[in-house]
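# Coordinate inspection notes
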Amino acid sequence: MTDAQETAAETTLRTTGGAPPDDLPSAPVPLLEPREGIPPVTADPDALADVIAAFAEGHGPVAVDAERASGYRYGQRAYLVQLRRAGAGTALIDPVGCPDLSGLGDAIADAEWVLHAATQDLPCLRDIGMLPGRLFDTELAGRLAGFARVGLGAMVENILGYALEKGHSAVDWSTRPLPEPWLHYAALDVELLVDLRDALEEELERQGKLEWARQEFAAIAEAPPAPPRKDPWRRTSGMHKVRRRRQMAVVRELWTARDRIAQRRDVSPGKVLGDAAIIEAALALPANTRALAALNGFGHRMGRRQLEQWQAAVDRARALPESELPQPGQPVAGPPPPRAWADKDPAAAARLSAARAAVTALAERLNLPQENLLAPDTVRRLCWEPPSEVTADSVAAVLHGYGARPWQIELTTPILMTALGANA
């Protein structure tokens, strides 16, 4: 870290008292520039071998970031991977030209990986052979430390005193060749990530929260891949308007057809057919392409062939027997929605109210978000079905079973015992 960065970081952390400041510096903030310029994009096996050798010989933590093409391409694959390590510099790698980065992952497997909002990037990194053994998540660290703004740009500016270039976060990263300004932006995302990690580690240690953060980071690194969503078509925007099972079947058929086309074309499903159009067709149940073309989202710009393929999906739904129509809701594993608790189980509703209030109050005292102190779903499940005998051990066992970390269990067990016992 440069002298200027150290001064900015020390000033920020020294003046916080019990919590980091919420406001960004009022003085003009210098725009960050890459220390070694923009490296060439690594896009072939020979160049990748050089990068692997350099990062294997580097030292200290490795800053890692990935850019996707959300909203442009199908899925969440990585289209650029950025890394930086002391002794190795910065590398920009094209996963299209180098689809297997397992060799690079192996070369830095023993290092701590520094990511911002790690859970967003780890799935696409996993797909190309990169998975950390241990990590430091600067966004999560910021939340635990009590920062109100935890975006990378805000934290770099607030803690290190530099402004990151903005404007390219939502571009189509599948574009080839990648424009120079985009590469400049991408390189800066890892330029000070390790410096930010060091400052946040110091702040977490000052607040007595460093061990909490380490447990959270370990849980992220050890988490298995998320299972595929069941009935993903039910997440279509506007689904709350669809009440009848036949209409739900139309949503399912149109969503499935759209997804198949989007995957084949490698484009975002929303570019094939919008959610609003799917809902319009489900509500209207058009009998033919003329009726379909009159609906929003199926206007004059859509060709006859396209109209026919969508109408075919509607017709399939219309022809289904009653026994094959979807049910009006997903089977819910766990407790019902809290709004129904007062009628179904007033005692459970009282437990939940007391538990929520206690967790909120403790989170405020600790200066961290309530959901980071304990997942709301865990609180709900515990209050809906508490242990038959409420003791410290039984409550702790339930929390552990739902994935709570030791620090969360230690802090919340006493207040949850009180909340559960209040109406026992």
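Residues numbered from 1 in each chain as written. Predicted model: local features only at pLDDT ≥ 70, side-chain atom pairs only at ≥ 80, totals over all residues. Heavy atoms only, no water.

This model, assessed by the stated rule, comprises 5 aromatic pairs. Between Trp-341 and Trp-384, the ring centres sit 4.9 Å apart and the planes meet at 50°, which makes this aromatic pair tilted. You can see Trp-341 sitting in helix H15 (residues 341-344) and its partner Trp-384 sitting in helix H18 (residues 376-384), a full 43 residues away along the chain. For Trp-341, a relative accessible area of 0% puts it in the buried group. Taken together, the aromatic side chains of Trp-173, Trp-182 and Tyr-185 make up a single cluster linked through ring pairs. Note that Arg-77 overlies the ring of Tyr-79, its terminal NZ or CZ placed 4.8 Å from the centroid. (Phe/Tyr/Trp six-rings, centres within 6.5 Å; stacked < 30°, edge-to-face > 60°. Helix = DSSP H or I, 4+ residues; strand = E, 2+ residues; numbered from the N terminus. Buried < 20%, exposed > 50% of the residue type's maximum accessible area, 1.4 Å probe, protein only. Lys NZ or Arg CZ within 6 Å of the ring centre and 35° of its normal.)

Now for helix H9 (residues 210-222). Here H9 is 13 residues long and its end C-alpha atoms lie 18 Å apart, about the 18 Å a rise of 1.5 Å per residue gives. Within the span of H9, buried status applies to Leu-210, Trp-212, Ala-213, Gln-215, Glu-216, Phe-217, Ile-220 and Ala-221. In this structure, the buried side of H9 is in contact with helix H4 (118-127), strand E6 (134-137), helix H5 (138-145), helix H8 (193-207), helix H16 (346-366) and helix H20 (406-421). (Expected span 1.5 Å × (residues − 1). Contact = heavy atoms within 4.5 Å.)

Between helix H6 (residues 152-160) and H8, the least distance of the axes is 10 Å, while the angle of their chain directions is 65°. Once H6 is placed against H8, the crossing between them reads as left-handed. Only Leu-193, Asp-195, Leu-196, Ala-199 and Leu-200 of H8 make contact with H6, whose side of the interface consists of Leu-152, Met-155, Val-156, Ile-159 and Leu-160. Looking at the contact of H6 with H8 residue by residue, the class counts come to 9 nonpolar, no polar and 1 charged. (Axes fitted to C-alpha atoms, helices over the stretch in contact; angles between N-to-C directions. Left-handed = near helix turned anticlockwise from the far one by under 90°. Nonpolar A, V, L, I, M, F, W, Y, C, P; charged D, E, K, R; others polar.)

Looking now at the UniProt feature "domain: HRDC" (unreviewed entry) in the protein chain. Taken from the UniProt record, the annotation "domain: HRDC" (unreviewed entry) applies to residues 244-324. Spanning residues 244-324, this segment combines 69% helix with 0% strand, and its end C-alpha atoms are found 13 Å apart. (UniProt positions renumbered as here; feature names shortened; annotations may be inferred.)

All right, on to the environment of Asp-231 then. Tracing the sequence through the fold places Asp-231 in the loop between H9 and helix H10 (245-265). For Asp-231, a relative accessible area of 26% corresponds to the partly exposed category.

All right, on to a positive patch on the surface then. On the surface, a cluster of positive charge is made up of Arg-260, Arg-264, Arg-265 and Arg-305. Counting residues per element, the positive patch draws most heavily on H10, which supplies 3 residues. Residue position: Arg-260 is located in helix H10. (Patch = residues over 30% accessible without salt bridge, like charges linked within 9 Å, V, L, I, M, F, W, Y side chains within 5 Å. Areas by Shrake-Rupley, 256 points an atom, 1.4 Å probe, with all protein chains shown as cover. Salt bridge = Lys/Arg side-chain N within 4 Å of Asp/Glu carboxyl O. Lys, Arg positive; Asp, Glu negative; His and termini not counted. Charge placed at Lys NZ, Arg CZ, Asp CG, Glu CD.)

Taken as a whole, this structure holds 17 salt bridges when the rule is applied. Linking Arg-405 and Glu-216 is a salt bridge whose minimum nitrogen-to-oxygen distance equals 2.7 Å. Linking Arg-405 in the loop between helix H19 (392-401) and H20 with Glu-216 in helix H9, this pair joins segments that are 189 residues apart in sequence. Classification of Arg-405 as partly exposed rests on a relative accessible area of 22%. What makes Glu-216 buried here is its relative accessible area of 7%.

Let us look at the side chain of His-116. As for its position among the elements, His-116 is in the loop between strand E5 (112-115) and H4. Given the relative accessible area of 15%, His-116 is considered buried. A polar side-chain atom of His-116 sits 2.8 Å from the main-chain carbonyl oxygen of Val-150. A polar contact of 3.2 Å, which involves the side chain of His-116, links it to the backbone nitrogen of Leu-152. (Polar contact = N/O pair within 3.5 Å; in protein donor to acceptor, adjacent residues only side chain to side chain.)

Strands pair in a sheet through their backbones, by hydrogen bonds, and they do so in one of two ways: parallel or antiparallel. As summarised here, the arrangement of the 6 strands in space is E1-E4-E3-E2-E5-E6, forming an open sheet in which the pairing is mixed. Either end of the sheet is taken by a strand with one partner, and the two such strands are strand E1 (41-42) and E6. With 8 bridges connecting them, strand E2 (residues 59-68) and strand E3 (residues 78-86) associate as antiparallel partners. Along E3, the bridge assignment pairs Arg-68 with Ala-78. Against the sheet, helix H2 (residues 45-57) engages E1, E2, E3 and strand E4 (89-93), with an angle of about 145° to E4. (Pairing = 2+ DSSP bridges.)

Let's shift gears to the environment of Thr-119. One can find Thr-119 in helix H4. For Thr-119, a relative accessible area of 55% translates into the label exposed. A sequence separation of 102 residues divides Thr-119 from Ala-221, and the C-alpha atoms of the two residues are 9.1 Å apart.

We now examine unusual backbone geometry. Here Arg-176 and Pro-177 are connected by a cis peptide whose omega angle stands at -5°. Turning to its location among the elements, Pro-177 is positioned in the loop between H6 and helix H7 (180-191). Here Asp-266, not a glycine, exhibits a phi torsion of approximately 55°, which is positive. Tracing the backbone through its elements, the reader meets Asp-266 in the loop between H10 and helix H11 (269-272).

Turning our attention to the packing of H5 against H9. A pair of packed helices can be characterised by two numbers: the angle between their axes and the separation between those axes. At a closest axis distance of 10 Å, the pairing of H5 and H9 adopts a crossing angle of 145°. The crossing of H5 and H9 is right-handed. Contacts between H5 and H9 involve Leu-140, Ala-141 and Leu-144 on the former and, on the latter, Trp-212, Ala-213, Glu-216, Phe-217 and Ile-220. Taken together, the residues that form the contact of H5 with H9 break down as 7 nonpolar, no polar and 1 charged.

Here the focus is the pairing of E2. Counting buried positions along E2 gives 7 out of 10 residues, so the element sits mostly inside the fold. With 2 bridges connecting them, E2 and E5 associate as parallel partners. Paired with Ala-63 across the bridge in E5 is Val-114.

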